[in-house]
Amino acid sequence: MLAGVSIDYYTRLERGNARGASDTVLGALASALQLDEAERAHLFDLVHAASASTTVRAPRRAARQQVRPAVQRILDSMTTAPAYLRDGHLDILAANQLGQALFSPVFDSPANPGRFLFLDPRASEFYLDWEAMARDTVAMLRSLAGHNPHDRALSNLIGELSTRSDAFRQLWAAHNVRCHRSGTKRFRHPVVGDLTLAFEALDLAADDGLRLSIYTAEPCTPSHDALNLLASWAATAGQDRATRAADRA
């Protein structure tokens, strides 16, 4: 009644028969159900995907996205804030020096925070709020899957995590979705110890699916001091690597 549709029509929608549903109807349903931003976007993605074709499409393998030089320069110019660029499969494509230092445990394995979170036993030590991180990551993957239902790499990632991680499989079954654009994360870094960092996630308008994540510490806090110490450590480690490379040359 609140959405202005009949019971029969709404029942068909709930059963997955959403072909032909207009954006106006979907907006009315989203308002009646009091969906948040992520849930509303997910509803539209699911219905648009169902309406796009009457045939089952095989998942497509997307080409690995390239990092534009201008984007890499932006990353490198951030010398006091860890930052990295990831794609729609959570693969980290680029990072600045401090980002590589902060997420060094993630870079030890294939640089994918989702795989690290659920498949690497060190994740529960690195992320002090592992359970919240796990919930948010699964909800974000659910949103990405709704937006890109035919992305083979994304399907493969979700299938791998579902097969290899009981925790992921249980969280995936909850069907939660979430926009993960800002907040606070707590880390226990193997070099500088505990850090509490605020983060902002920015989508690149010119590069569909690429997202820049930037972390900062509150000034005059132990986390700020630890981040400065990490920056010094990263700079020294980088100089050592450059020296060794020059010696080998």
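Below you will find a few notes about this structure. (Residues numbered from 1 in each chain as written. Predicted model: local features only at pLDDT ≥ 70, side-chain atom pairs only at ≥ 80, totals over all residues. Heavy atoms only, no water.)

We note that Gln34 has phi near 55°; this positive angle belongs to a residue other than glycine. With respect to the helices and strands, Gln34 occurs in the loop between helix 2 (23-32) and helix 3 (37-52). The residue His175 is not glycine, and still its phi comes out positive at about 60°. If you trace the backbone, His175 turns up in the loop between helix 11 (166-172) and strand 3 (182-189). You can call His175 exposed: its relative accessible area is 52%. (Helix = DSSP H or I, 4+ residues; strand = E, 2+ residues; numbered from the N terminus. Buried < 20%, exposed > 50% of the residue type's maximum accessible area, 1.4 Å probe, protein only.)

Here we take up helix 9 (residues 130-147). Over its 18 residues, helix 9 extends 26 Å from the first C-alpha to the last, a length consistent with the 26 Å expected when each residue adds 1.5 Å. Most of helix 9 sits inside the fold, with 13 of its 18 residues counted as buried. (Expected span 1.5 Å × (residues − 1).)

We now examine the side chain of Thr137. Its location among the elements puts Thr137 in helix 9. Under the relative-accessibility criterion, Thr137 is labelled buried at 8%. Ignoring anything within four residues of it in the chain, the contact list for Thr137 reads Leu90, Gly114, Leu117 and Phe118. (Contact = heavy atoms within 4.5 Å.)

Okay, the pairing of strand 2 (residues 92-95) next. Two faces, one strand: in a regular strand the side chains alternate between the faces of the sheet. Relative to strand 2, strand 1 (residues 83-86) is paired through 3 bridges, and the arrangement is antiparallel. Across the sheet, the residue bridging to Tyr84 is Ala95, located in strand 2. Between strand 1 and strand 2, which pair antiparallel one after the other, the connecting turn spans 5 residues, and Leu90 there sits at a positive phi close to 70°. (Pairing = 2+ DSSP bridges.)

Turning our eyes to something else, we now look at the environment of Glu39. Considering the arrangement of structural elements, one finds Glu39 in helix 3. With 139 residues separating them along the chain, Glu39 and Arg178 place their C-alpha atoms 7.1 Å apart. Glu39 has contacts with Gln34 and Val177, leaving out every residue within four places of it along the chain.

Keep in mind these numbers describe shape, not what the thing actually does.
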